[in-house]
Amino acid sequence: MDEFYMKRALELAKLGEGYTNPNPLVGAVIVKDGKIIGEGYHERYGGPHAEINAFKNAKDDVKGSTLYVTLEPCSHYGKTPPCADAIIEKKIKRVVAAMKDPNPLVAGKGLEKLIKSGIEVRLGVLEDEAKKLNEIFIKYITTKTPFVILKSAMTLDGKIASFSGDSKWITNEKSRDYVHSVRQRVSAIMAGIGTVINDNPHLTARKEGNVIKDLTRIIVDTNLKIPLNSNVLDTKVSKTIIACSEYADNNKIEKLKNLGVYIIKTPLKDNRVDIKYLIKSLGELNIDSVLLEGGGILNFSALKEGIVDKVMIFIAPKIIGGESSKTPVEGEGFEFIKDAVKIEDISIKSFDEDILYEGYIKR
């Protein structure tokens, strides 16, 4: 039965997607005499943790019950008091945790505290599912750099736009709606200046036409070519960060700052923004995840520099051809097949006629 109740805890944890960054997604279920008497999840960053919400929502006395939680209860003071202490005070008899907390501040200390208090502990129930749910948190808390997802949409013959630059729309509406749900789960979306100039996108997370999340937009613009009337410069809608060269025009920088734009200057690498420097800087700004929706040049730079963790490639059953038509990954490319970026742990989803090919970079 432990798996049954943990599945419910994982379902609850997912309800916090997009609201807890850079904290983890956590769900908790309290069971007594074979019945669920309390449920909770981490609802928002800085708010009560899942265990505390489950206690608050409990319909019965929790003394002597079993607590199922998707992540090891915390043992340290952060924005809230330690959950391990609350579990001990509530006289919980047994705790079942899906995974150990990768946060060095916790890392087994919460479970150790519970065991020393005489509470029975089981660890590792549906651990793989819990780790996948919190892949963003695990990467960020252990490296202090964002989890990066490279997303692209292409035709069956591998094009992201026609020779004239037309790219609306390669995929269908269901695929595009799914992308907005992914945007909701991450902290930021990144695009290159070419995308901004060609498409003038808003780069927001929308549902039924309405912006549903204050998503940080990151524009990689080495020489600050961005037009001052670009949609992404409307900082009343969402925050915008522009990454440029340390040699970029200071007058343009001041104009952008006056519009509310945050500027990150990076060293030049191959005459472009140093993407590794940028990613480290974003981590220092508490940005735990980035959805990269760049053009071919930016995508290749990201893959070459090893900052990408996951790829999401939508394939639409269309053929447009064209020797000069853009492709998802361009730049100079890798010289030898043996140097190609390899993808593993692959899954495939369908959105009517569109296919989503999803996988992780093999390290």
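The rules behind the values
- Residues numbered from 1 in each chain as written.
- Predicted model: local features only at pLDDT ≥ 70, side-chain atom pairs only at ≥ 80, totals over all residues.
- Heavy atoms only, no water.
- Pairing = 2+ DSSP bridges.
- Helix = DSSP H or I, 4+ residues; strand = E, 2+ residues; numbered from the N terminus.
- Axes fitted to C-alpha atoms, helices over the stretch in contact; angles between N-to-C directions.
- Contact = heavy atoms within 4.5 Å.
- Domains from an automatic or database assignment.
- Buried area = accessible area lost by both parts, 1.4 Å probe.
- Salt bridge = Lys/Arg side-chain N within 4 Å of Asp/Glu carboxyl O.
- Nonpolar A, V, L, I, M, F, W, Y, C, P; charged D, E, K, R; others polar.
- Buried < 20%, exposed > 50% of the residue type's maximum accessible area, 1.4 Å probe, protein only.
- UniProt positions renumbered as here; feature names shortened; annotations may be inferred.
- Phe/Tyr/Trp six-rings, centres within 6.5 Å; stacked < 30°, edge-to-face > 60°.
- Core = buried A, V, L, I, M, F, W, Y, C linked by side-chain atoms within 4.5 Å.

Considerations on the sheet that holds strand E18 (residues 354-361)
Consideration 1: Here nine strands make up an open sheet; going across it, the order is E12-E11-E10-E7-E15-E6-E16-E18-E17 and the pairing mixed. Each edge of the open sheet is held by one strand with a lone partner, namely strand E12 (262-266) and strand E17 (343-351). Each strand axis lies, on average, 20° off the axis of its neighbour in the sheet, ignoring direction.
Consideration 2: In terms of strand pairing, E17 meets E18 through seven bridges, oriented antiparallel. Bridged to serine 350 within E18 is isoleucine 355.
Consideration 3: Contacts from helix H10 (residues 275-284) reach strand E6 (147-155), strand E7 (188-192), strand E10 (216-220), strand E11 (240-245), E12 and strand E15 (289-292), with the element oriented near 140° to E12.

Description of the domain arrangement of the protein
Consideration 1: Partitioning the protein into domains gives domain 1 (1-137) and domain 2 (145-361).
Consideration 2: When each unit is reduced to the centre of its C-alpha atoms, the spacing between domain 1 and domain 2 is 35 Å.
Consideration 3: Taken residue by residue, the interface counts eight residues in domain 1 and eleven residues in domain 2.
Consideration 4: Counting each side, the surface lost to burial between domain 1 and domain 2 is near 950 Å², with a carbon and sulfur contribution of 47%.
Consideration 5: Linking domain 1 with domain 2 are one salt bridge, by the criterion used here.
Consideration 6: Here glutamate 135 and lysine 310 are joined by a salt bridge, their closest N and O atoms 3.0 Å apart.
Consideration 7: Of the residues assigned to the side of domain 1 that touches domain 2, the class counts are three nonpolar, two polar and three charged.

Structural notes on the pairing of E7
Consideration 1: The element E7 is largely enclosed, with a buried count of five among its five residues.
Consideration 2: Burial along E7 is two-sided: Ala188, Met190 and Gly192 and Ile189 and Ala191, pointing in opposite directions, are all buried.
Consideration 3: Sheet topology places E7 next to E15; three bridges connect them, and they run parallel. For alanine 188, the partnering residue across the bridge sits in E15 and is valine 290.

Some points on the UniProt feature "binding site: substrate" (unreviewed entry) in the protein
Consideration 1: UniProt's feature table lists "binding site: substrate" (unreviewed entry) at Ser167, Arg183, Leu203, Arg206 and Glu293, given in the numbering used throughout.
Consideration 2: Of note, arginine 183 is situated in helix H7 (residues 173-185).
Consideration 3: The class for arginine 183 is buried, based on a relative accessible area of 8%.
Consideration 4: Note that leucine 203 resides in the loop between helix H8 (193-199) and strand E8 (205-207).
Consideration 5: The buried category is assigned to leucine 203, whose relative accessible area is 4%.

Quick notes on the packing of aromatic side chains
Consideration 1: Applying the stated criterion to the full structure yields five aromatic pairs.
Consideration 2: For the pair phenylalanine 4 and tyrosine 5, a centre-to-centre distance of 5.2 Å together with 75° between the ring planes defines the contact as edge-to-face.
Consideration 3: Ring geometry for tyrosine 178 against phenylalanine 351: centres 4.9 Å apart, planes inclined by 40°, an arrangement best described as tilted. Of this pair, tyrosine 178 sits in helix H7 while phenylalanine 351 sits in strand E17, placing them 173 residues apart in sequence.
Consideration 4: In this structure tyrosine 178 comes out as buried when scored by relative accessible area, which is 17%.
Consideration 5: What makes phenylalanine 351 buried here is its relative accessible area of 12%.

Quick notes on the nonpolar core
Consideration 1: Of all hydrophobic cores here, the largest spans 39 residues; its most connected members are Met6, Ile87 and Val95.
Consideration 2: Element by element, the count of residues in this core is highest for helix H1 (residues 2-14), at six residues.
Consideration 3: Among residues more than four places away in sequence, those in contact with methionine 6 are Tyr68, Val69, Thr70, Val96, Ala97, Ala98, Val125 and Leu126.
Consideration 4: Counting 33 residues, the second largest nonpolar core, distinct from the first, contains Ile136, Leu215, Leu224 and Met312.

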